[in-house]
Amino acid sequence: MTTTRRSFIKTLSAASALAAAPTLPGFAYIPNLKKISPNDKIRIATIGMGIQGNFDTMAALKTPGVELVAVADLYDGRLQHAKTAFGKDKSLFTTRDFREVLARPDVDAVLVVTPDHWHDHITIAALKAGKHVYCEKPMVQHLNEGKAVIDAWKKSGKTMQVGSQRISSAAFQEAKRMVQAGDIGEINYIESNNDRFSSIGAWNYSVPPDASTQTVDWDRFLGDAPKRPFDANRFFRWRNYRDYGTGVAGDLFVHLITGVHYVTNTMGPTRIFSSGNLAYWKEGRDVPDIMTSIMDYPKTAEHNAFQMVLRVNFANAGRINDVTRIIGNEGQIEFSENNLILTKKKLPIAPGYGGYDSFFTFTEPVQQEFVKQYDAKYPPDTRKAEPAKEVRFESPKDDDPHAKHFADFFKNVREGSQGTIEDPVFGFRAAAPVLACNESYFTQKVVNWDPVTMTQTNAGTKSPQKVMAKKK
Ligand SMILES: NC(=O)c1ccc[n+]([C@@H]2O[C@H](COP(=O)([O-])OP(=O)(O)OC[C@H]3O[C@@H](n4cnc5c(N)ncnc54)[C@H](O)[C@@H]3O)[C@@H](O)[C@H]2O)c1
């Protein structure tokens, strides 16, 4: 028996033991930093082969030298589909138990593409098992889960990438260049809305007619969520439930916040407040379909103080006109699809007078004195505004942010480096504000956050409503 085969069998029996264990695996950390030579394949496994699991796997396989060897999922139909879609050579290993994937020595890296409530558990177990990890956004489901992932990543020495792939786009890279070059002056406000009006847009994805406790591993799906009887909607439309998802903030705001953090080099906001409502999609979901969140970013060495306002309305039957704008005191950047428009506008030093102004209400002699003083104070060169300029940036037609995000991950894996564009410290600093949006919505209080130490500074504070109710 070769050493490799012996250790493979040893690991498999460890996997069987783990499969029988009631809790998650307690692997000791397997030290890393073995580079993978350019000639060696990087072997990946996808854990969670649903909608995004398929897209992530396809994007990952665009990097040369990467191959898919295993898939874990909890719905048998998706395991069967994966064999057809990705197992051309029929050797694709499939299982309901992600621990069997982690125990395989032929897996170098895993893609964690499960519902949000599993992200931290699987990521930590994978890092402990010596795997590199690509974890979908938001990195964790709750504010108190981020540090454990960061610690596991640091201890493991493994490469990790969080999956808000848009920051790998040419448009975001150009926006970062513009902001860092001072093209829009000091940023003071960022706004974005992301409205929808369709059942699928509101996350009511199709439920397969064969969904049952035979075809779905319901108990495993629940994980650390409250126990309840099988419910196909909860399994296939998990975003609609707080137990498994992170609502509109975790699903949609997180992409924009990731982009803003990348472009501005910020660490995050200090105050977060959300309000909203469940207005339309009342089929049983317990998360809002309308939410507006306000975040205060404090002045730092990297940027002035700015405010960010994000909105989602899944019940917008009006004309949907989504915009994302980064506004500064000398211009703005507006994103549309994969392109952006930079508009530059700089005020002259002289404030001007006349028009809709108090000037005409002065007496004639006072007006004359005003003009005399104004002319003395503001010579002609202080009165010229720089002409407004518009610069359009169009991403190259073949720009593929998803494939580029994976390419960055695999490049770091090969180099034995932890320096990905969206490592878990960055990933958590982007996830935390959106998790705070939910916390604020549900507790009806402002969340105070320390973005440097990554801790909630008013955790456990009573909500104003509860305090008011007690007073009555
Ligand atoms: N980056 C992006 O643009 C983007 C886009 C969509 C989704 N996502 C993220 O991807 C993740 C998955 O979303 P989706 O839309 O693909 O959901 P989905 O419901 O289509 O797929 C999730 C799959 O995970 C499987 N699963 C659940 N728990 C599991 C476990 N413990 N072990 C193995 N498999 C498990 C389910 O069987 C299911 O097939 C979410 O975190 C979501 O936020 C990211």
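Residues numbered from 1 in each chain as written. Predicted model: local features only at pLDDT ≥ 70, side-chain atom pairs only at ≥ 80, totals over all residues.

With an unreviewed UniProt entry as reference, the chain is termed Putative dehydrogenase, source organism Spirosoma oryzae.

Once that is clear, we can look at helix α2 (residues 51-60). Think of an α-helix as 3.6 residues a turn; residues three or four steps apart then line up on the same face. Looking only at α2, the buried set comprises Gly53, Asp56, Thr57, Ala59 and Ala60. Looking straight down α2, one finds its buried side chains confined to an arc of 165 degrees; they lie on one side. Contacts from the buried residues of α2 go to β1 (42-47), β2 (66-72), α3 (76-86), β4 (109-112), β6 (160-163) and α12 (401-415). (Buried ≥ 20, exposed ≤ 12 C-beta atoms within 10 Å, placed from the backbone. Helix = DSSP H or I, 4+ residues; strand = E, 2+ residues; numbered from the N terminus. Arc of directions from axis to C-beta. Contact = placed C-beta atoms within 7 Å.)

With that out of the way, let us pick up the nonpolar core. Core analysis: the biggest nonpolar cluster contains 93 residues, and Ile47, Val110 and Phe253 have the highest contact counts within it. Among the elements that take part in this core, helix α13 (residues 424-443) stands out by supplying eleven residues, more than any other. If near-sequence neighbours (up to four positions away) are discounted, Val110 is found in contact with Ile44, Ala45, Ile47, Val101, Ala126, Lys131 and Val133. Leu74, Tyr75, Trp218 and Phe221 belong to the second-largest nonpolar core, a separate cluster that totals five residues. (Core = buried A, V, L, I, M, F, W, Y, C linked by C-beta atoms within 7 Å.)

A few words now on the packing of helix α5 (residues 119-128) against helix α6 (residues 146-156). Look at α5 against α6: their axes get within 9 Å of each other, and the N-to-C directions meet at 15 degrees. As summarised for this structure, α5 and α6 are arranged roughly parallel, according to the angle between their axes. Where α5 crosses over α6, the handedness of that crossing is left-handed. Of the residues in α6, those touching α5 at Asp120, Thr123, Ile124, Leu127 and Lys128 are Ala148, Val149, Ala152, Trp153 and Ser156. When the residues that make up the contact of α5 with α6 are grouped by side-chain class, the tally is six nonpolar, two polar and two charged. (Axes fitted to C-alpha atoms, helices over the stretch in contact; angles between N-to-C directions. Parallel < 35°, antiparallel > 145°, perpendicular 65-115°, else oblique. Left-handed = near helix turned anticlockwise from the far one by under 90°. Nonpolar A, V, L, I, M, F, W, Y, C, P; charged D, E, K, R; others polar.)

This part is about the site of the ligand. Lining the immediate environment of the ligand, one finds 27 residues, of which Gly48, Gly50, Gln52, Leu74 and Glu136 sit closest. Mapped onto the shell around the ligand, the elements with two or more residues apiece are α2 and α8 (218-222). No other element matches α2, which puts three residues into the shell around the ligand. The class makeup of the residues in the shell around the ligand is twelve nonpolar, eight polar and seven charged. (Near = placed C-beta within 6 Å.)

Here we come to α5. Of all ten residues making up α5, ten are buried, and the element is well covered by its neighbours. All of the buried residues along α5 are His119, Asp120, His121, Ile122, Thr123, Ile124, Ala125, Ala126, Leu127 and Lys128. Those residues of α5 hidden inside the fold are in contact with β1, α4 (98-102), β4, β5 (132-136) and α6. Backbone geometry just after α5 places Gly130 at a positive phi near 85 degrees.

Attention now moves to the sheet that holds β2. The six strands are arranged β3-β2-β1-β4-β5-β6 in an open sheet whose pairing can be described as parallel. Edge strands, defined here as strands with exactly one partner in the open sheet, are β3 (93-95) and β6. Averaged over all pairs of adjacent strands, the angle between their axes in this sheet comes to 20 degrees, without regard to strand direction. Contacts from α5 reach β1, β4 and β5 within the one sheet, and its direction differs from that of β5 by about 170 degrees. (Pairing = 2+ DSSP bridges.)

Below, the discussion takes up the pairing of strand β12 (residues 331-336). Sheet topology note: the strand β11 (residues 324-328)/β12 ladder contains five bridges and is antiparallel. Pairing of Ile326 across the sheet is with Ile333, part of β12. The loop that links β11 with its antiparallel partner β12 comprises two residues. In terms of strand pairing, β12 meets strand β13 (residues 339-346) through six bridges, oriented antiparallel. Paired with Ile333 across the two strands is Leu342, which belongs to β13. Connecting β12 to the next strand, β13, in antiparallel fashion are two residues, including Glu337 with a positive phi near 50 degrees.

Within the element layout of this structure, Asn304 appears in the loop between β9 (290-297) and β10 (306-313). Taking the number of C-beta atoms within 10 Å as the measure of exposure, Asn304 has 15 and is therefore partly exposed. When the C-alpha positions of Asn304 and Gly328 are compared, they lie 9.9 Å apart, and in sequence the two are 24 residues distant. When near neighbours in sequence (up to four residues on either side) are disregarded, Asn304 contacts Glu186, Ile187, Asn188 and Lys299.

This brings us to the environment of Val248. Within the secondary structure, Val248 sits in helix α10 (residues 247-264). In this structure Val248 comes out as buried when scored by C-beta crowding, with 31 C-beta atoms within 10 Å. Placed 64 residues apart in sequence, Val248 and Val312 show a C-alpha to C-alpha distance of 6.9 Å.

Before going further, it helps to examine the sheet that holds strand β15 (residues 447-450). Spatial strand order, β14-β13-β12-β11-β7-β10-β9-β8-β15-β16: ten strands in an open sheet with mixed pairing. Of all the strands in the sheet, the pair left with one neighbour each is β14 (386-393) and β16 (455-456). Across seven bridges, the pairing between strand β8 (residues 271-277) and β9 is antiparallel. Bridge pairing in β9 links Gly276 to Met291. Across the face of the sheet, helix α7 (residues 170-180) comes into contact with β7 (187-193), β12, β13 and β14 while running at roughly 15 degrees to β13. α13 contacts β8, β9 and β15 of the sheet and is inclined by roughly 55 degrees relative to β8.

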